[in-house]
Amino acid sequence: MTEAVSFTVVVCTRDRPELLPTTLDALLGQGGFPLLVVDQSEARDDALARRAAGEPRLEVVSDRGRGLSRARNVGSARAGTDWVVFVDDDCVPEADWAERLQAVLDRAPDVDIVSGHVDAPVPAADYVPASAFPVERTALVRGRFRHPGGAGFGVCMAVRRAAIERLGGWDERLGPGAAEFPAADDMDFNYRLLRSGGAALLTPEVRSRHEQWRTPAELEPLYRGYLKAWSGFAMKQLRGGDVAGGLWLWTIGVVDFLDMLASAIGRRSRLRLRLALAKLRGLAEGTAAGLRTRW
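First, a word on what this report is: a plain description of the structure on this page.

Calculation notes
- Residues numbered from 1 in each chain as written.
- Predicted model: local features only at pLDDT ≥ 70, side-chain atom pairs only at ≥ 80, totals over all residues.
- Heavy atoms only, no water.
- Helix = DSSP H or I, 4+ residues; strand = E, 2+ residues; numbered from the N terminus.
- Phe/Tyr/Trp six-rings, centres within 6.5 Å; stacked < 30°, edge-to-face > 60°.
- Buried < 20%, exposed > 50% of the residue type's maximum accessible area, 1.4 Å probe, protein only.
- Lys NZ or Arg CZ within 6 Å of the ring centre and 35° of its normal.
- Contact = heavy atoms within 4.5 Å.
- Polar contact = N/O pair within 3.5 Å; in protein donor to acceptor, adjacent residues only side chain to side chain.
- Axes fitted to C-alpha atoms, helices over the stretch in contact; angles between N-to-C directions.
- Parallel < 35°, antiparallel > 145°, perpendicular 65-115°, else oblique.
- Left-handed = near helix turned anticlockwise from the far one by under 90°.
- Nonpolar A, V, L, I, M, F, W, Y, C, P; charged D, E, K, R; others polar.
- Salt bridge = Lys/Arg side-chain N within 4 Å of Asp/Glu carboxyl O.

**Let's talk about unusual backbone geometry**
Even without glycine at this site, Ser131 takes up a positive phi of about 60°. Even without a glycine there, the phi angle at Ala184 is positive, about 70°. For Ala184, the location among the structural elements is in the loop between α5 (161–167) and α6 (185–195).

And the structure:
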């Protein structure tokens, strides 16, 4: 009988003590996997420390650095298992998530990422959810020019530890907490993985929910940052010699802005129009910043 593969769940958090407990409740209520929290919070979370003291499966690493990419690198270096599973601190896995994930990993083909369905229930009719990832059927994603977002989002995804080591982890110049490019960390990782010949498995069997706690006003800087980081990440490829890839990625950013603009017009949505303009601003800012950055 084949031995089951092992995985560690890593939750990276910073100053979200009101959201983190719900995620930990969902994770600690199932399975026997080790759970590692990489905490970059400004103030010590005494409730988290008490919980870790009473829960052998839970380890908390206090990291004085900043940035989601750094936290992921810290967590993956600490994990000694075959797979590292990243779950955001505002994501809630379903009750049988761990059991289903274990079954998928045990029979997974030669892939480096496993991404499940991530639901994102919206709090209002006119709202644009962040990091929803609907998966309706099993699919394999591979190839040089596959959209890196099609391989999954860091909100809830399993990554083979050997692939993390091979790629050198996440680029700490990208992602939430990075000064210039506050997103695109997972897109950059996925792109490098697909470009190197890696593959991702999408499965509807493994399911979670991404809480949508931001107000509509808070979505504007979020989506501006998304496109700023995306275009910066595109310029990283271009400046590094991958001209075709960089231009292709930058074009995806332009199409993203145009799609939001078309949606705003079609739905007569003021929110979507504001988000489209925020994306356009981010696209311009990120392109300029990416071109002047010494990657």
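**Section: the packing of aromatic side chains**
With the rule as written, the count across this model stands at eleven aromatic pairs. The interplanar angle of 75° and the centroid separation of 5.6 Å between the aromatic rings of Phe133 and Phe153 together place this pair among those described as edge-to-face. Linking Phe133 in the loop between β6 (113–119) and β7 (139–142) with Phe153 in the loop between β7 and β8 (156–160), this pair joins segments that are 20 residues apart in sequence. Measuring from centroid to centroid gives 5.1 Å for Tyr223 and Tyr226, while their planes differ by 80°, and the two rings are edge-to-face. Here the residue Tyr223 and the residue Tyr226 both occupy positions in helix α7 (residues 216–239), the gap between them amounting to three residues, near one helical turn. For Tyr226, a relative accessible area of 25% translates into the label partly exposed. Through pairs of rings, three or more aromatic residues link up here, namely Phe145, Tyr191, Trp230, Phe233 and Trp248. Geometry around Phe86 places Arg72 over its ring, the cationic atom sitting 5.9 Å from the centre.

**Points about the environment of Phe86**
As for its placement among the helices and strands, Phe86 is situated in strand β4 (residues 83–87). For Phe86, a relative accessible area of 2% gives the class buried. The sequence separation of Phe86 and Val141 amounts to 55 residues, and the corresponding C-alpha distance is 19 Å. Leaving out residues up to four positions away in the same chain, Phe86 has contacts with Val10, Arg72, Ser76, Gly154, Val155, Cys156, Met157, Val159, Ile164 and Trp170.

**Focus: the side chain of Asn73**
Relative to the assigned elements, Asn73 resides in helix α3 (residues 68–78). Of the polar contacts made by the side chain of Asn73, one reaches the backbone nitrogen of Trp170; its length is 2.8 Å. Discounting residues that sit within four places of it in the chain, Asn73 has contacts with Gly169, Trp170 and Glu172.

**Topic: the packing of α7 against helix α8 (residues 243–267)**
Across the interface, α7 lies against α8 with an axial gap of 7 Å and an inter-helix angle of 165°. Taken together, the axis directions place α7 and α8 in an arrangement best described as roughly antiparallel. The two elements α7 and α8 meet at a crossing, and its hand is left-handed. Here Leu227, Trp230, Ser231, Phe233, Ala234, Met235, Gln237 and Leu238 of α7 lie close against α8, whose contacting residues are Val243, Gly246, Leu247, Leu249, Trp250, Ile252, Gly253 and Asp256. Looking at side-chain class alone, the contact of α7 with α8 contains eleven nonpolar, four polar and one charged residues.

**Details of the pattern of salt bridges**
Taken as a whole and assessed by the stated rule, the structure comprises 26 salt bridges. One salt bridge in this structure joins Arg166 and Asp112, with 3.8 Å as the shortest N-O distance. Here the residue Arg166 occupies a position in helix α5, and Asp112 occupies one in the loop between α4 (97–107) and β6, the gap between them amounting to 54 residues. Assessed through its relative accessible area of 11%, Asp112 is described here as buried. Residues Glu220 and Arg274 are paired through a salt bridge, measuring 2.9 Å at the closest nitrogen-oxygen approach. Highlighted residues: Glu220 in helix α7 and Arg274 in helix α9 (residues 270–292), separated in sequence by 54 residues. You can call Glu220 partly exposed: its relative accessible area is 25%. One network of salt bridges, with partners in common, ties together Asp171, Arg173, Asp188, Arg192 and Lys236.

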